[in-house]
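The residues making up each chain are set out below.
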Amino acid sequence: MLDEALHSPRGKDGRAPDPLRVGGWMPMRQYGENDEVDFAIVGTGAGGGTLACKLAEAGFSVVGFDAGAWWRPLEEFASDETHQEKLFWTDERICDGDNPLKLGSNNSGKAIGGSTVHFAMVSLRFRPEWLKSRSLLGYGADWPLDWREMWRYYTEVEQALKIAGPVNYPWGPPRPRYPYRAHELNAAALVLAKGCEAMGIPWSETPLATVSAPRGRSPPCVYRGFCVSGCSTNAKQSALITWIPRAVKAGAEIRDLAMAGRIETNDAGYVTGVHYYREGQWRFQRARNVVVAGYAIETPRLLLSSANSQFPDGLANSSGLVGKNLMAQTNQAAWGVMEDEIRWYKGPPSLAVTEHWNYTDTGKDFFGGYAYMSQGPLPRAWVSSLAGNRGLWGDALLRAMEKYNHQAGLKIVGEVLPQERNRVALADEKDRYGLPIARVTYSLCDNDKALVKHALNFMSQSLSVVGARDIWTESDDTCHLNGTARMGDDPRTSVVNADCRSWDIPNLWVCDGSVFPTVGGVNPSLTIQAIACRTADRIRAMAAQGSL
Amino acid sequence: MAANNAGDLSTAATRQLVGGAVGAIALGLGVALLRRGFTPQTGRETLAGARTHARQKRSPLRVDEPPQVKAARRLNRAAGLLGTSTLLDSAVEHYRGSFQNKAMYTPLIVSALMLAVSAHGTRDKRPIAHGVRDATYLAAALTGIAGTGFHIYNIAKRPGGFSWQNLFYGSPLGAPGAVALSGLLGYYSERLRDNESDKIPKVFGLPAGRALAALSGVGLLATAGEAGLLHFRGAYHNPFMFAPVTVPPLAGALLGETALSRPRRPRRLTRWWLRLTALLGFAGAGFHAYGVQRNMGGWRNWSQNVLNGPPIPAPPSFTGLALAGLAALGLLEEHPDA
């Protein structure tokens, strides 16, 4: 019963599920497939969901497509880690390279709202210098965006999601006050705080996209702790409950269980619409513009598999960079056992953060930075970490699990360098839709490894100074995926321009984490949404000037 | 967010209306309560003469009740109301804290005793202090002061010290102060009774009316400070949350002005503003009841949400303090130099 949404589409017949009410529906405008809509957007997560909302509110006709289901969290999200894997993108992929990625959980999402439905809600801004990391810091690539402009869009997103953050944020240029106050720290967060104080570096409450006071039909967070399995109370301000309902109210149509397979082009070299699979058959939606927002694997996969005689290397790929420069942020951890009870499963997993090593350039033997946060893996995630990464089994595993309530840990979101060898390409094998499977090749470079080593060393020390015992480090984990359709100023070295518009095909756009030239050491969702807001404003401005 | 559409806005407006309605019901209840028992009779006895007459019939002695006894009984009432608020609030909050430290029972016991002696004092028209009441009030004042010390210690030892995080979520700094205040008001009422009726009442050598006005004014400001802190924690998500940081501080300022300025009567604005503050205290409880509803599961999940939601017993402490302020005004009506 809890997976009904997976079997037949809900966004049809002029209505859509209202995720904020049990059994709720909201009216939804519908477009015919022969209607040439202004924008067909593939993907409804942080990029596509935000853009669909902003464009619909600007008066454009918008149809959004998502391969995933349209959930009502209040009644369909179980307190069960395994069941909630229904939110992940677990379609077949081929992973290789020196450090093959483990895809399908924290780095994927298949639902209306995308991975924001199960993200950890960490909403951090980029360090301004990162947008010019090549010029200012000597590594990676420059973004074609100005940080001051991004600062404004960050503010817009923080307001839209009512981010609960600290009154004063210790790093970076001044930012407006977060709309909601930070949540109460749990014991796991206090371990980070005490460790930072002992190591002499600043720490902060993490700005989170889960409300600390009522907001509309979202009650304040009840600290249930299943955040990364899907929030069943709707305290989490995911795209599913924020941008998408706004988009629908503003006249956008969103189609769930709709897998995009190919973007069509005409002889003039423009895209004309999207082929998508829904309710057992392939369909075609005509559109004046197509936006690809499928995240760093599905976006290049769709662009590459839309290759035709006119664009034999795939769409928007004259630079040859589509699929390249994949960056999977490192996600290594140090774990330890505390004397006191911690019960880290209480509350959002990452309530405290330090961005010290994002903003400090001295004392490092690597480029880039990392943030680290307190942790709260649920029992199943923890047991698989102990068994898979620490190699415990049988009695040893049982005894380690008995210490679950005393466990504390720190985990990084680490910057990795863009490398062309890290890429998404098409394999020869086909999936159930008959589409070529993505082959994901990934290897860390020496700089990435040096960063991880530094982080593990620092975090282990910081656990040890607050009395943690039995400290061990988990060195093989990655999280957010970015890159593969980078933005830039030069058509030869980038796929899209600052407005997320492809250099090659003027009515083809990419709007998600794929456009990141570098990743920085923070979770990307806030930046993706800020870029989407900016793109919508730019599109509106261009439409007004007649240059769309 | 400028683009937040009309649908959302109208929902928000509806919500605020519902909140307003709940507040209004509580306000109505408050008005009824105040009219029944809590409305202080002014020196001019402006309120329904018939009712006063009926009371005089029931209690012929009342006509001769010395003003300081009248004021003292009003103070007993104010202390009792404030004590009720602190009793319920500390019960809920310390239950939430699992009574981890045995000392956490103290404010419950002391506030309950204070409630009892305040009820006693409210009925007692004798112009002499009462030993048990005196001792209880003094104990409450000391408990409040010690509690403040405990709470300061609790905050200081958390990582971050006196950070916003700890001020929001650590032991509330202002709460034990309310116990101390109610104890002080009660203690003050006993001192008032000790005055001879034909002299200007003094307490601790200070003119009683002015000193009481100052005390309740400071209490109002401090309580508004605490409400301000906690409503800031709630990001003032409902515009009504601004009420306790605007109305009571003005009442506090008016009382301060009363304490410091030359004798003058009548003080209509101050009196009405204090009445408004008293009503706001009751309305606040109603708003907080609505706030509980806005937590996950609402009142169906009361056993969690009464603990997690806004504290229902807290706002009536404004009523208690406003009543103390009205008692001070009453004293000043009788003795302009008091």
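Placed above this text is the structure.
Report on the accompanying structure. This is a predicted model, so every value here is computed, not measured.

Rules of the game
Residues numbered from 1 in each chain as written. Chains lettered and ligands numbered in written order. Predicted model: local features only at pLDDT ≥ 70, side-chain atom pairs only at ≥ 80, totals over all residues. Contact = placed C-beta atoms within 7 Å. Helix = DSSP H or I, 4+ residues; strand = E, 2+ residues; numbered from the N terminus. Nonpolar A, V, L, I, M, F, W, Y, C, P; charged D, E, K, R; others polar. Buried ≥ 20, exposed ≤ 12 C-beta atoms within 10 Å, placed from the backbone. Pairing = 2+ DSSP bridges. Axes fitted to C-alpha atoms, helices over the stretch in contact; angles between N-to-C directions. Parallel < 35°, antiparallel > 145°, perpendicular 65-115°, else oblique. Left-handed = near helix turned anticlockwise from the far one by under 90°. Expected span 1.5 Å × (residues − 1). Core = buried A, V, L, I, M, F, W, Y, C linked by C-beta atoms within 7 Å.

### Topic: the interface of chain A and chain B
Then, in step 1: The partner chain B presents 21 residues to the 27 residues of chain A that form the contact.
Then, in step 2: For the side of chain A that touches chain B, the elements supplying multiple residues, two or more each, are α4 (147-160), β7 (180-181), α5 (187-199) and α6 (243-249) of chain A.
Then, in step 3: Counting residues per element, the side of chain A that touches chain B draws most heavily on α5(A), at 4 residues.
Then, in step 4: Looking at side-chain class alone, the side of chain A that touches chain B contains 14 nonpolar, 3 polar and 10 charged residues.

### Quick look at the pairing of strand β14 (residues 333-337) of chain A
Residue and element names in this part refer to chain A.
Then, in step 1: Burial within β14 is extensive, with 5 of its 5 residues counted as buried.
Then, in step 2: Relative to strand β20 (residues 469-474), β14 runs antiparallel, the two being bridged by 4 bridges. Paired with W335 across the strands is W472, a residue of β20.
Then, in step 3: Looking at chain direction, β14 and strand β17 (residues 407-414) are connected through 5 bridges and run antiparallel. Note on β17: the bridge partner recorded for A334 is L410.

### Re the sheet that holds strand β19 (residues 436-441) of chain A
All names here are of chain A.
Then, in step 1: A sheet is described by the order of its strands in space; here 3 strands give the open sequence β5-β19-β18, paired in mixed fashion. Bordering the open sheet on either side are β5 (94-96) and β18 (423-430), each of which pairs with just one other strand. Each strand of the sheet is rotated relative to its neighbour by a mean of 30°, with strand direction disregarded.
Then, in step 2: Sheet topology places β5 next to β19; 3 bridges connect them, and they run parallel. Bridged to C95 within β19 is V440.

### Side note on the packing of helix α5 (residues 131-157) of chain B against helix α7 (residues 175-193) of chain B
Residues and elements named next belong to chain B.
Then, in step 1: For the pair α5 and α7, interaxial distance at closest approach is 7 Å and the crossing angle is 155°. The angle between α5 and α7 places the two elements in the roughly antiparallel class. Considering how the two elements wind past one another, α5 and α7 form a crossing that is left-handed. In this structure, α5 uses R133, D134, Y137, L138, A140, A141, T143, G144, I145, G147, T148 and H151 to contact α7, whose residues at the interface are P176, G177, V179, A180, L181, S182, G183, L184, G186, Y187 and E190.

### Section: the pairing of β19(A)
Residues and elements named next belong to chain A.
Then, in step 1: Bridge count for β18 against β19 is 5 bridges, and the pairing is antiparallel. Within the sheet, the bridge partner assigned to V424 lies in β19 and is V440.
Then, in step 2: Counted along the chain from β18 to the antiparallel partner β19, the turn is 5 residues long, and its residue G434 has a positive phi close to 85°.

### Some thoughts on helix α10 (residues 268-293) of chain B
Along an α-helix, a turn takes 3.6 residues, which lines up residues three or four apart on a common side.
Then, in step 1: Under the 1.5 Å per step criterion, the end-to-end length of α10(B) is 38 Å for 26 residues, consistent within 8% with the ideal 38 Å.
Then, in step 2: Counting buried positions over the 26 residues of α10(B) gives 21, a clear majority of the element.

### What about the nonpolar core?
Then, in step 1: Grouped together as the largest cluster of nonpolar side chains are 172 residues, with contacts concentrated most on A:A40, A:I41, A:V42, A:A52, A:V62, A:A247 and A:V291.
Then, in step 2: Setting aside residues up to four positions removed in sequence, A:V62 forms contacts with A:V37, A:D38, A:F39, A:I41, A:A52, A:L55, A:A56, A:A247 and A:A252.
Then, in step 3: With 65 residues, the next largest nonpolar core counts B:M114, B:V203, B:A213 and B:A259 among its residues.

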